[in-house]
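# Summary of structural features
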2 protein chains.
Amino acid sequence: MAVKYKEIADQLELDIRDGKFDRTKKLPTEDELMKTFEVSRNTVRKAITQLVNRGYIYQVQGSGMFLRDKSVTDYINLGSLRGLTKDLTSKTIETKILNLRVIEADEEKAARLRCQKGSKLYFCKRLREVDGEPFSIEVSYFNKEIVPYLNEDIARTSIYSYLIDDLKLQISFADKIVNCEKIDEDSAKLLNVKPGDPTLIIENTVCLANGTVFELSQSIFHYQKAKILNRINFK
Amino acid sequence: MAVKYKEIADQLELDIRDGKFDRTKKLPTEDELMKTFEVSRNTVRKAITQLVNRGYIYQVQGSGMFLRDKSVTDYINLGSLRGLTKDLTSKTIETKILNLRVIEADEEKAARLRCQKGSKLYFCKRLREVDGEPFSIEVSYFNKEIVPYLNEDIARTSIYSYLIDDLKLQISFADKIVNCEKIDEDSAKLLNVKPGDPTLIIENTVCLANGTVFELSQSIFHYQKAKILNRINFK
DNA sequence: AAGTGGTCTAGACCACCGT
DNA sequence: CGGTGGTCTAGACCACTTC
């Protein structure tokens, strides 16, 4: 990491998740944190801002920094990219690869991925099962220029861990579009619902730190099993 | 406003929306902004952070600050509290009050609003129409301790403008839960869809700067007309 | 009045991008 | 290499809460 404010934020996140501040529902003051971590006030405040943005705490001028109510687990977190494995911690998750191959970008994909028509893309279709029952179908397209290699092993465990930890990609921002439709026949079969039942859909366009689009994805969720949580801050 | 970094952020937001940087898709450098606004670098950077969080720009170290692709209009913005009127700018929006009265909190509402059972609440049920067609049903509960007065006029135009501009409430953070269900018969009639059709649902718990919960709401959307957009950043 | 967070400044040095 | 953003420090003053 090597960046102080992130290290401090990560440490405090662990402490919060450990319940270290549950008794008081309050964090140490900025002054105390400055002493504990031996950094300047600005650095403490930058760390704190991370925790606010991650949805853990809120600040009250003149009073202190307080824990937000714990979010119920088992919600899909729209504000993170950590994936199902990290969101649904109390569940067992299995992934089945339905399809994984290299394709060429058609006009529509090329436009959305901002690459040339005919560029090589990884196409990956997966079925995610939670506690042994079908939960979602995820279809992803990766620009092969940026993700030069992918295999079933990686796709079965965690593509994102591979991208971040192994390929060292710096994921920076994303557009997520959520809506809801009647499910088609094929997807219904896979998710074990009736054709025409509702389905929750998230479309995702993900960019690297330099602004390049590197992934498009569409996730189709079982409407009775999936709930999305989004924690937001204004200021 | 009286706060420099917010004023700068607001000014730059206007400039961006005006297309002032469309030619280059790039913002002035931090140095230039420091000179333009006559503030320190930290203040410029704080303003910039606002624009990043609002989803307008991304920063590339060593290179500059760039515009993100314009988000399609007519999406519901999950990351703002500005309400339909501000999200669907190209549409005409009408609001019909289905019900507005003071009720007493039952056990469940009291728990969720963190108030006493029996506390007075404003209950408000509205039908929102976009371009003359039913779009959503919004049911809200406001703690009357915090929102002491509400009438049909206010509920028909914008409750949030009233809360922020008139009551000077400082809204600080919110939990939003999104899911999708089969619509019930009553709602189906109002939204002009068939019972059992899909419907997109957002449940919202909104808190003030001091941490108090002051609103619960549930919005039920027409599944073919509503799309939610969420722009997120990692760093 | 004391405690605590919010804003702002000035300056230093580092890391990355492009030429 | 120069230009540009990223991190960090030290210190001042303000605004709000709590007692």
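Being a predicted model, the structure only gives us computed values, none of them experimental.

How each quantity is defined
- Residues numbered from 1 in each chain as written.
- Chains lettered and ligands numbered in written order.
- Predicted model: local features only at pLDDT ≥ 70, side-chain atom pairs only at ≥ 80, totals over all residues.
- Heavy atoms only, no water.
- Phe/Tyr/Trp six-rings, centres within 6.5 Å; stacked < 30°, edge-to-face > 60°.
- Helix = DSSP H or I, 4+ residues; strand = E, 2+ residues; numbered from the N terminus.
- Buried < 20%, exposed > 50% of the residue type's maximum accessible area, 1.4 Å probe, protein only.
- Lys NZ or Arg CZ within 6 Å of the ring centre and 35° of its normal.
- UniProt positions renumbered as here; feature names shortened; annotations may be inferred.
- Near = heavy atom within 4 Å.
- Polar contact = N/O pair within 3.5 Å; in protein donor to acceptor, adjacent residues only side chain to side chain.
- Least-squares fit on C-alpha atoms with pLDDT ≥ 70 in both.
- Contact = heavy atoms within 4.5 Å.
- 1 Å grid on protein atoms, 1.4 Å probe; cavity = no way out; pocket = protein on both sides within 12 Å on 5 of 7 lines; lining within 4 Å.
- Points joined across faces, edges and corners; volume = space filled by probe spheres on them.
- Salt bridge = Lys/Arg side-chain N within 4 Å of Asp/Glu carboxyl O.

A complete count under the given rule lists 10 aromatic pairs over all chains for this structure. With a centroid separation of 5.9 Å and an interplanar angle of 85°, the aromatic rings of Phe135 of chain B and Phe221 of chain B are classed as edge-to-face. With Phe135 of chain B in strand β6 (residues 133-143) and Phe221 of chain B in strand β9 (residues 213-222), the pair connects residues that are 86 residues apart, well separated along the chain. A residue is classified by how much of its surface remains accessible, and Phe221 of chain B, at 4% relative accessible area, is buried. Feature note: the residues Tyr58 and Phe66 of chain A together with Phe173 of chain B constitute an aromatic cluster, connected by ring pairs. The lysine or arginine in question, Lys109 of chain A, covers the ring of Tyr141 of chain A, its NZ or CZ lying 4.6 Å from the ring centre.

The next thing to look at is unusual backbone geometry. Residues and elements named next belong to chain A. Unlike most non-glycine residues, Lys25 shows phi in positive territory, near 55°. With respect to the helices and strands, the residue Lys25 is situated in the loop between α1 (4-17) and α2 (30-37). With phi around 50°, Asp131 is a residue other than glycine that occupies positive phi space. With respect to the element layout, Asp131 can be found in the loop between β5 (120-130) and β6 (133-143).

Let us now look at the UniProt feature "domain: HTH gntR-type" (unreviewed entry) in chain A. UniProt feature "domain: HTH gntR-type" (unreviewed entry): in the numbering of this structure it lies at residues 2-70 of chain A. Here residues 2-70 of chain A runs as 51% helix and 12% strand, with 29 Å between its end C-alpha atoms.

With that out of the way, let us pick up the protein's contact with DNA strand D. With respect to spatial proximity, 25 residues lie near DNA strand D, and among them Lys4 and Thr43 of chain A together with Arg41, Arg45 and Gly62 of chain B are the closest. For DNA strand D, the backbone portion of the atoms within 4 Å of the protein, that is sugar and phosphate, comes to 64%. Here Arg41 of chain B contributes a side-chain N or O atom positioned 2.6 Å from a base nitrogen of DNA strand D. Separating a base nitrogen of DNA strand D from a side-chain N or O atom of Gln61 of chain B is a distance of 3.1 Å. For the surface near DNA strand D, the secondary structure elements donating two or more residues are α1 and α3 (41-53) of chain A together with α3 (41-53), β1 (57-60) and β2 (64-67) of chain B. The biggest single contributor to the surface near DNA strand D is α3 of chain A, with four residues.

Before going further, it helps to examine the relation of the copies chain B and chain A. Note that the two copies of the chain are related through a rotation about an axis and a translation along the same axis. Of the transformation placing chain B onto chain A, the axial shift is 0.0 Å and the rotation is 180°, giving an RMSD of 0.0 Å. Read as a symmetry element, the transformation amounts to a two-fold axis. In terms of proximity to the rotation axis, the leading residue of chain B is Pro198 of chain B, whose C-alpha is 2.3 Å off the axis. Both copies share a contact surface, since 100% of the interface residues of chain B are interface residues in chain A too.

So, about the environment of Leu190 of chain A. Residues and elements named next belong to chain A. Note on placement: Leu190 falls in helix α8 (residues 185-191). The exposure class of Leu190 is partly exposed, given its relative accessible area of 27%. Between the alpha carbons of Leu190 and Ser71 there is a distance of 30 Å; along the sequence they are 119 residues apart.

Right, let's talk about the layout of surface pockets for a bit. Taken as a whole, the second largest pocket holds about 550 Å³ of empty space. Secondary-structure elements contributing two or more residues to the lining of the second largest pocket are β2 (64-67) and β10 (228-233) of chain A together with α5 (107-113), β7 (171-182) and β8 (198-208) of chain B.

What follows deals with the pattern of salt bridges. Under the definition given, this model contains 50 salt bridges over all chains. Of the charged contacts in the structure, one is a salt bridge between Arg54 of chain A and Glu13 of chain A, with a shortest N-O distance of 2.4 Å. Here Arg54 of chain A, found in the loop between α3 and β1 (57-60), pairs with Glu13 of chain A, found in helix α1; they are 41 residues apart in sequence, far enough to count as distant. A salt bridge links Arg231 of chain B to Asp175 of chain A, with the shortest nitrogen-to-oxygen separation between them at 2.9 Å.

Neighbouring DNA strand C are 24 residues, the closest being Arg41, Arg45 and Gly62 of chain A together with Lys4 and Thr43 of chain B. Taking the atoms of DNA strand C that fall within 4 Å of the protein, sugar and phosphate contribute 62% of them. A distance of 2.9 Å separates a phosphate oxygen of DNA strand C from a polar backbone atom of Glu30 of chain A. One of the side-chain N or O atoms of Gln59 of chain A is found 3.2 Å from a phosphate oxygen in DNA strand C. Of all the secondary structure elements, the ones that give two or more residues to the surface near DNA strand C are α3, β1 and β2 of chain A together with α1 (4-17) and α3 of chain B.

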